Amino acid sequence: MREHFSSKGILVLGEVRSGHLHPAVFELTAKARLLADDLGSDVSVLLMYSDIDVSPERLVSYGADRVLCASDSRLRLFDQEVQSRILFRTIKDLEPEIVLAPATTSGRTVMPAVAAMLRTGLTADCTGLDIDPATGQLLQTRPAIGGNIMATIRTPEHRPQMATVRPRTFAIPEPDPGRKGSVTGMSLPDHCFESRVVALGLERRSGDDVNIQDRDVVVSGGKGMKRSENFHLLRDLAELLGGGVGASRMAVDHKWIGYPHQVGLSGKVVAPKVYFAVGISGSVQHLAGMHTAGLIVAINKDPEAPIFRVADIGLCGDLFDIVPRIVRSVMARKGVSG
Ligand SMILES: Cc1cc2nc3c(=O)[nH]c(=O)nc-3n(C[C@H](O)[C@H](O)[C@H](O)COP(=O)(O)OP(=O)(O)OC[C@H]3O[C@@H](n4cnc5c(N)ncnc54)[C@H](O)[C@@H]3O)c2cc1C
């Protein structure tokens, strides 16, 4: 712990979507705890909701010192103006040194608005956060120039230092049920809820329920799949292994599979136990979305494909030969007949 930084703490913007506390809030609270320990400061989490499916106290066991709950039926549907105003007000009250939010759609909407209101900087979509031991400044790392380099950005002059972080960037540690912290309700004046937006309802887009981020196995296909119909090979394998189907941007751009399946810099970040990269070359942008997988199995006919540099198991050959053989072998092991 370094006592010499006069930090006023770290504020995490929590996200409650349709009554469900987003797992990224646990991840970010735990990361904020580590950063706060480096600074010798504390962690607050702000939650805005009308209903919530877990007790806000759980965030204390992940590292929060204080959970601030803005609970109001008018927060049922996401409204950027309202959430930005409440976050702005909380920042003015707490004067945190650092404000973090998950780089979800709402985090990506609210944080830039509030950064502009505060006339401070914001680093979006970070994949790494550290404290500079010399200055106590937040080191905000993110891919830049199309993902070809990693840039570390500081906000030396303006406060707070604000960053959004891609969900699943950091591991969620085991909670510590013995930690102590407070949960406080916030009373908000009516003017906080004034908005030019009239929210009529929330409709789920078809395909949005594709959840590859929670799967232990992800089987992804790239341009090597050649056409949409061939994705059935990957679906068969994924189904046998209880996994989900992912894709490279090339496959998505060719409309062989929908965008919710895209893995990578401009898609989803996945960290499954096993990741199959099938007919995927292994561009830096794709790796940005899957390099933390437990075991990477690459299937590619080009022995020089960059994916083999990160693969734990590399199968060099024609995917149309290899994938059906893997499917047959898994079926035989499971005693499933074809
Ligand atoms: C700002 C930016 C953001 C991006 N975001 C993403 C992102 O989120 N996700 C992403 O994936 N990409 C992203 N990209 C695109 C990225 O740069 C690559 O173009 C893309 O990942 C390539 O997809 P691919 O590997 O499927 O295709 P290719 O690079 O064309 O590779 C196809 C591979 O298939 C192999 N192959 C072909 N036929 C067979 C066969 N029969 N059997 C076995 N192997 C075969 C080939 O050897 C080759 O290695 C982004 C790019 C930019 C600039």
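Quick notes on the rules
- Residues numbered from 1 in each chain as written.
- Predicted model: local features only at pLDDT ≥ 70, side-chain atom pairs only at ≥ 80, totals over all residues.
- Heavy atoms only, no water.
- Helix = DSSP H or I, 4+ residues; strand = E, 2+ residues; numbered from the N terminus.
- Expected span 1.5 Å × (residues − 1).
- Buried < 20%, exposed > 50% of the residue type's maximum accessible area, 1.4 Å probe, protein only.
- Contact = heavy atoms within 4.5 Å.
- Polar contact = N/O pair within 3.5 Å; in protein donor to acceptor, adjacent residues only side chain to side chain.
- 1 Å grid on protein atoms, 1.4 Å probe; cavity = no way out; pocket = protein on both sides within 12 Å on 5 of 7 lines; lining within 4 Å.
- Points joined across faces, edges and corners; volume = space filled by probe spheres on them.
- Domains from an automatic or database assignment.
- Buried area = accessible area lost by both parts, 1.4 Å probe.
- Salt bridge = Lys/Arg side-chain N within 4 Å of Asp/Glu carboxyl O.
- Core = buried A, V, L, I, M, F, W, Y, C linked by side-chain atoms within 4.5 Å.

Notes on helix α3 (residues 80-94)
So, point 1. Look at α3: 21 Å from first C-alpha to last across 15 residues, which is about the 21 Å you get at 1.5 Å a residue.
So, point 2. Within the span of α3, buried status applies to Glu 81, Val 82, Gln 83, Ser 84, Ile 86, Leu 87, Thr 90 and Ile 91.
So, point 3. Buried-residue contacts for α3 involve β1 (10-13), β4 (43-49), β5 (66-71), β6 (98-102) and α4 (105-118).
So, point 4. Sitting at the head of α3, Asp 79 places a side-chain oxygen 2.9 Å from the backbone nitrogen of Glu 81.
So, point 5. Glu 95 occupies a position one or two residues after α3 and carries a positive phi of about 50°.

Digging into the layout of surface pockets
Which parts of space are left empty comes out when a probe the size of a water molecule is rolled across the atoms.
So, point 1. Taken as a whole, the second largest pocket holds about 490 Å³ of empty space.
So, point 2. Every residue lining the second largest pocket is counted, 28 residues in all, and those nearest its centre are Lys 223, Ser 248, Gly 279, Ile 280 and Ser 281.
So, point 3. Listed by contribution, the elements that provide at least two residues to the lining of the second largest pocket are α6 (249-253), α7 (284-287), β16 (295-300) and α9 (319-334).

Focus on the domain arrangement of the protein chain
So, point 1. Assigned domains within the protein chain: domain 1 (10-193) and domain 2 (217-334).
So, point 2. Put simply, the middle of domain 1 and the middle of domain 2, counted by C-alpha atoms, are 33 Å apart.
So, point 3. Across the boundary between the two partners, domain 1 contributes seven residues, which contact seven residues of domain 2.
So, point 4. Buried surface at the junction of domain 1 and domain 2, both sides included, amounts to about 650 Å², of which 48% is carbon and sulfur.
So, point 5. Ranking the residues of domain 1 by area buried against domain 2 places Gly 146, Arg 166 and Arg 168 at the top, with a combined share of 64%.
So, point 6. At the junction of domain 1 with domain 2, the criterion picks out zero salt bridges.

Here's the deal with the nonpolar core
So, point 1. Residues Ile 10, Leu 21, Val 45, Leu 47, Leu 59, Leu 100 and Leu 129 are the most contacted members of the largest nonpolar core, which totals 31 residues.
So, point 2. Of all elements in the fold, only β1, α1 (23-39), β4, α2 (58-61), β5, β6, β8 (128-131) and β11 (161-165) reach the threshold of two or more residues within this core.
So, point 3. Per-element tally for this core: the top contributor is α1, with seven residues.
So, point 4. With residues near it in sequence (within four places) discarded, Leu 21 still touches Glu 15, Val 16, Phe 26, Leu 47, Ile 52, Asp 53, Val 54 and Leu 59.
So, point 5. By size, the runner-up hydrophobic cluster in this structure holds 26 residues, among which are Leu 240, Ala 251, Ile 257 and Val 323.

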